[in-house]
Amino acid sequence: MCGIVGIISGSEVSNEIYESLLCLQHRGQDSAGIGTYSGKFHIKKGHGLVREVFGRKDIGYLAGNMGIGQVRYPTIGGASIDDLQPFRVSSPYGIMMAHNGNIFNFWQLKEELFQKDLRMVNSNNDLEVILNVFAYELSRFKLDDFFDSICEAVKSVHTRVKGAYSVVGMIAGKGLIAFRDPHGIRPLVWGRRTVNGKTEHIFSSENTMFAITGFDFYRDVAPGELVFVDLNGEVHTRRITEKEFHPCIFEYVYFARVDATLNGVNVYKSRLYMGENLGKKINRLFPNLEIDLVVPAPQSATTAALSCAHELGVRYSESIVKNVYIGRSFIMPGQEQRRRANTYKLSAIEVEIRGKNILVVDDSIVRGTVSKHIVQMLRQNGAKKVYFASASPALKYPDLYGIDLPTQDEFVAYNRTEEQICEYIGADLLVYQDLEDLIEAVKRKNDHKFSKPHCAYFNGDYPTNDVTEEVLDEIEAIRKKERQEDKLKKQLETN
Ligand code: AMP
């Protein structure tokens, strides 16, 4: 997963891009990059958190009134410096781009670009193929109207590039572009503000930075839409490809920050409704279950746990504590390392737990490592019974659109019944949210424009209709190989 931002304004933008990336940090901690334009491109990117990558001097060096930025959590591509965003090409014009998403025909396109279009993709980052397809197509379309030309280039991207992507980019001497894949799987919001009578624009994965940067929410970039703001501040928009809108539901379950509103849905509210629906299911199936405390698995489950407790009429207690200064255990290779990281990361408040029946609410169960550890920890701290509930259904299918989920056989729900999962994590009871209830929670408020969100990791129904068994097998093989290489590399680093 990644977070992206693009700003065009009447003054220097690098500081605001930096501030925006800080607000998107939860979407990627692997690397960060900023590119700006002041008659020429400037770029700085590196590994680590935003505050580790950029110093005061960098912000000064990144000159210009137009810029883009990205924080990265890789789904394709390794950790090499060659794989970090933004990317740029010198022709036509000079183009720089950053994206959030995942392209699953990356390897074919990389080869096709080289053999047919005579363009070299140097990295293993999937954005570089989007950039090269766009650049190649733009160099072929020299229409009278520049906007018509970039519309044609985006149309070719929509046709050739398979997967999900939200893109921000800059074209030298022309302006800022923002576009979304035809199904709008990855989010992209648009904000505006007026300074000295002129309208300035921001495009970002989330609106989490709008308040601090003084932008007002304007609207979401529509699925398949291209927005171009030229250097005079003139705005051009066109819906290039019209397909059904399928925004990713995992943004609401786990990824987006609670204060974000994406695709017309407020993340906090949707999580409250998820907890409410989960509580209703527990009441319905187990009306006599004795629960003393509802405890969230910190931290993305806190909102759902709060409303679940309210629904059940049970006290809410934050008696599992997370040390936020340890990196995400999820990205550590190998079960053993992940288990050890969880031990350092989580602790329990014994005086709250001892002698009680606890219902733990987590947002999702992926490999089952966290849930297993939590159940064990609560028992060690004297819990009488430990029930476990997930605010989303069982994860069973690989994601091809930018959520970093494991290979299929790593899912704890792969080839296991709910009873077997419950046994694996060691709980006294396990309850998963039903998919219809999750969708209802996200869609309850009627100010959105989609009928069916993308939920393929729960039900295997891939919205782009181009995911065959061969594609899935190929992706699984690539991911397994990449994970193995990553694991070996990390082992070498620690030896
Ligand atoms: P696991 O031990 O693999 O079952 O991890 C479950 C935890 O991982 C849950 O508490 C989620 O909050 C978190 N999680 C879910 N999806 C992701 C993801 N794509 N990246 C990182 N963490 C995740």
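These numbers were taken from a predicted model, which means no experiment stands behind them.

Attention shifts here to the overall build of the chain. What the chain contains, in helices and strands, is 17 helices and 22 strands. The C-alpha atoms of the chain give 23 Å as radius of gyration, which agrees with the globular expectation for 495 residues (23 Å, within 12%). Reported as C-alpha extents along the three principal axes, the dimensions of the chain are approximately 75 × 50 × 45 Å. When each of the 495 residues of the chain is scored for burial, the buried share is 59%. For the chain, the share of sequence-separated contacts (at least 6 apart) that also reach a separation of at least 24 residues comes to 71%. Per element, the accessible surface of the chain, about 20,100 Å² overall, is 48% carbon and sulfur. Positive and negative side-chain charges in the chain, numbering 61 and 64 respectively, have mean positions lying 3 Å apart.

Moving on, we get to the packing of helix α9 (residues 267-285) against helix α15 (residues 435-443). It is at 8 Å that the axes of α9 and α15 come closest, and there the two elements cross at 145°. The two elements α9 and α15 cross, and the hand of that crossing is right-handed. Together, Ser270, Tyr273, Met274 and Asn277 of α9 and Asp437, Leu438, Glu440, Ala441 and Val442 of α15 make up the contact between the two elements. Residue composition of the contact of α9 with α15, grouped by class: 5 nonpolar, 2 polar and 2 charged.

Here the focus is the sheet that holds strand β21 (residues 385-390). Each strand in a sheet pairs with its neighbour through backbone hydrogen bonds, running either in the same direction (parallel) or in the opposite one (antiparallel). Strands sit in the order β17-β16-β20-β21-β22 across an open sheet of 5 strands; the sheet is parallel. Two strands in the sheet have a free side with no partner beyond their single neighbour: β17 (315-316) and β22 (429-432). Where strand β20 (residues 357-362) meets β21, 6 bridges bridge the pair, whose relative direction is parallel. Counterpart to Val361 in the pairing with β21 is Ala389. Each of β16 (293-296), β17 and β20 touches helix α10 (residues 302-312); the most contacted strand, β16, lies at about 170° to it. Its contacts with the sheet place helix α13 (residues 369-380) against β20 and β21, and it is angled at close to 155° to β21.

Relative to each other, helix α4 (residues 106-115) and helix α5 (residues 127-140) sit at 40°, their axes nearing to 10 Å. Taken together, the axes of α4 and α5 lie oblique to each other. Between α4 and α5 lies a crossing whose hand is left-handed. Mapping the contact onto sequence places Phe106, Leu109, Lys110 and Leu113 in α4 and Val129, Asn132 and Val133 in α5. A per-class count over the contact of α4 with α5 returns 5 nonpolar, 1 polar and 1 charged.

Before going further, it helps to spend a moment on the domain arrangement of the chain. Along its sequence, the chain is carved into domain 1 (2-243) and domain 2 (266-466). The distance between the C-alpha centroids of domain 1 and domain 2 comes to 33 Å. Taken residue by residue, the interface counts 14 residues in domain 1 and 12 residues in domain 2. Both sides of the domain 1 and domain 2 interface together cover about 1,200 Å² of buried area, and 59% of this is carbon and sulfur. Our count for the domain 1 to domain 2 interface comes out at 0 salt bridges. For the interface between domain 1 and domain 2, the tally reads 2 residue pairs in polar contact (both at pLDDT 80 or more). Elements with a contribution of two residues or more to the side of domain 1 that touches domain 2: β6 (95-103) and β7 (163-171). Of the residues assigned to the side of domain 1 that touches domain 2, the class counts are 5 nonpolar, 7 polar and 2 charged.

What follows deals with the site of the ligand. Close contacts around the ligand come from 18 residues, with Asp362, Asp363, Arg367, Gly368 and Val370 the closest. A distance of 3.3 Å separates a nitrogen atom of the ligand from a polar atom in the side chain of Tyr73. Backbone polar atom of Val370 to an oxygen atom of the ligand: 2.6 Å apart, as the coordinates give it. When the ligand is considered free in solution it has 500 Å² of accessible area, and contact with the protein chains removes 94% of it. Listed by contribution, the elements that provide at least two residues to the shell around the ligand are α8 (250-255) and α13. A total of 3 residues in the shell around the ligand trace back to one element, the largest contributor, which is α8. Residues belonging to the shell around the ligand are distributed by class as follows: 10 nonpolar, 4 polar and 4 charged.

Turning our eyes to something else, we now look at unusual backbone geometry. Here the amide bond leading from Gln85 into Pro86 is cis, since omega sits at 0°, within 30 degrees of zero. In this structure, Pro92 follows Ser91 across a cis peptide bond, with omega equal to -5°. Here Pro92 shows up in the loop between β5 (87-89) and β6. One non-glycine residue with positive phi stands out, namely Asn415, at about 60°. Summarising the element assignment, Asn415 is placed in the loop between β21 and α14 (418-425). At Asn465, a position not held by glycine, the phi torsion is positive, near 55°. Mapped onto the elements, Asn465 comes out in the loop between α16 (456-459) and α17 (469-494).

Side-chain alternation along β16 places Leu293 and Val295 on one buried face and Val294 and Pro296 on a second face that is also buried. Of the pairings in the sheet, the one linking β16 to β17 comprises 2 bridges and is parallel in character. In the sheet register, Val294 faces β17, and the bridge partner there is Tyr316. Pairing analysis gives 4 bridges linking β16 to β20, with the strands arranged parallel. Paired with Pro296 across the strands is Val361, a residue of β20.

Our next topic: the environment of Thr241. Note on placement: Thr241 falls in the loop between β13 (235-239) and α8. Measuring from C-alpha to C-alpha, the distance between Thr241 and Lys155 comes to 6.9 Å, with 86 residues separating the pair along the chain. A distance of 2.6 Å separates the side chain of Thr241 from the side chain of His158, its partner in a polar contact.

What counts, and at which threshold
The numbering scheme is per chain: residues are counted from 1 as the chain's sequence reads. Confidence filtering applies because this is a predicted model: local features only for residues at pLDDT of at least 70, side-chain atom pairs given and counted only at 80 or more, and all residues used for totals across whole chains, interfaces and linings. Side-chain figures throughout are based on the complete set of non-hydrogen atoms in the structure, without hydrogens or water. Strands are runs of DSSP state E lasting at least two residues, helices are runs of H or I lasting at least four, and both sets are numbered from the N terminus onward. For this measure, only C-alpha atoms enter the radius of gyration; the expected value for a globule follows 2.2 Å times N^0.38, where N is the number of residues. For the exposure calls, accessible area comes from a 1.4 Å probe over protein chains only, and a residue counts as buried if that area is under 20% of its type's maximum, exposed if over 50%, partly exposed in between. Whether two residues are in contact is decided by their heavy atoms, any of which lying within 4.5 Å being enough. In this description, accessible areas are obtained by the Shrake-Rupley approach with a 1.4 Å probe, and a residue is regarded as covered only by the protein chains that are shown. Just so you know, the count uses Lys and Arg for positive and Asp and Glu for negative, and it drops His and the chain ends. The atoms used to mark charge sites are NZ of Lys, CZ of Arg, CG of Asp and CD of Glu. In this description, a line fitted to the C-alpha atoms serves as the axis of each element, helices being fitted only across the stretch in contact, and the angle between N-to-C directions of two axes falls anywhere from 0 to 180 degrees. Throughout, a crossing is termed right-handed when the near helix is turned clockwise from the far one, and left-handed when it is turned anticlockwise from it by less than a right angle. Residue classes follow a fixed rule: Ala, Val, Leu, Ile, Met, Phe, Trp, Tyr, Cys and Pro count as nonpolar, while Asp, Glu, Lys and Arg count as charged, and any other residue, Gly among them, counts as polar. A pair of strands is labelled paired if DSSP reports no fewer than 2 bridges between them. The scheme is simple: roughly parallel for angles under 35 degrees, roughly antiparallel for over 145, roughly perpendicular for 65 to 115, oblique for anything else. Segmentation into domains, and thus their bounds, comes from an automatic or database assignment. Summed over both partners, the accessible area lost on bringing two parts together, with a 1.4 Å probe, is the buried area. Salt bridge, as applied in this entry: a Lys or Arg side-chain nitrogen positioned within 4 Å of an Asp or Glu carboxyl oxygen. Polar contacts here mean pairs of N or O atoms no more than 3.5 Å apart (in protein, one a potential hydrogen donor and the other a potential acceptor; neighbouring residues in sequence count only if both atoms are side-chain atoms). Near is defined per residue: the residue qualifies when any heavy atom it owns lies within 4 Å of the molecule or strand.

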